[in-house]
Amino acid sequence: CADPSGELEQAEVRKLLVEQIDGDSEVLITALADESWGVRMAAARRLVERGDRRAIPLLNEALKRGGVLASASYALLRRLGEKTAQATDSELLAL
């Protein structure tokens, strides 16, 4: 399926930028509101790596969505020491 507007490519570039940023947490906070879940999750992961709890609302939202996002979010929330309910396999795999 073609992407004539280049939106997927642009989202991938934004994700790569988020993954490479050093020092500027405000850019990562802004990226939490990106239209692409890939960019949002990359920003959340980077914030968690810094111990920055501002990623928690996004991670809780992703946890509710199920699937791969939920699995990654659960791990990141646990890394921050958040007491999240143990997600079942069916919840993690839900679409």
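What counts, and at which threshold
- Residues numbered from 1 in each chain as written.
- Predicted model: local features only at pLDDT ≥ 70, side-chain atom pairs only at ≥ 80, totals over all residues.
- Heavy atoms only, no water.
- Axes fitted to C-alpha atoms, helices over the stretch in contact; angles between N-to-C directions.
- Helix = DSSP H or I, 4+ residues; strand = E, 2+ residues; numbered from the N terminus.
- Parallel < 35°, antiparallel > 145°, perpendicular 65-115°, else oblique.
- Left-handed = near helix turned anticlockwise from the far one by under 90°.
- Contact = heavy atoms within 4.5 Å.
- Nonpolar A, V, L, I, M, F, W, Y, C, P; charged D, E, K, R; others polar.
- Buried < 20%, exposed > 50% of the residue type's maximum accessible area, 1.4 Å probe, protein only.

*Asks:* Before we move on, could you go through the packing of helix α4 (residues 56–65) against helix α5 (residues 67–79) and cite the residues and values that matter?
*Replies:* Axes are the key here: two packed helices are described by the angle between their axes and the distance separating the axes. Remark: α4 packs on α5, axes separated minimally by 7 Å, with the N-to-C direction vectors making an angle of 140 degrees. Our classification of the angle between α4 and α5 gives oblique. Here α4 and α5 pass one another in a crossing that is left-handed. Here Ile56, Leu59, Asn60, Ala62, Leu63 and Arg65 of α4 lie close against α5, whose contacting residues are Gly67, Leu69, Ala70, Ser73, Tyr74, Leu76 and Leu77. The class makeup of the residues in the contact of α4 with α5 is nine nonpolar, three polar and one charged.

*Asks:* Give a detailed account of the environment of leucine 8, specifying residues and quantitative values.
*Replies:* Of note, leucine 8 is situated in helix α1 (residues 7–20). With a relative accessible area of 62%, leucine 8 lands in the exposed category. Expressed as a C-alpha distance, the spacing of leucine 8 and serine 36, which sit 28 residues apart in the sequence, is 8.7 Å.

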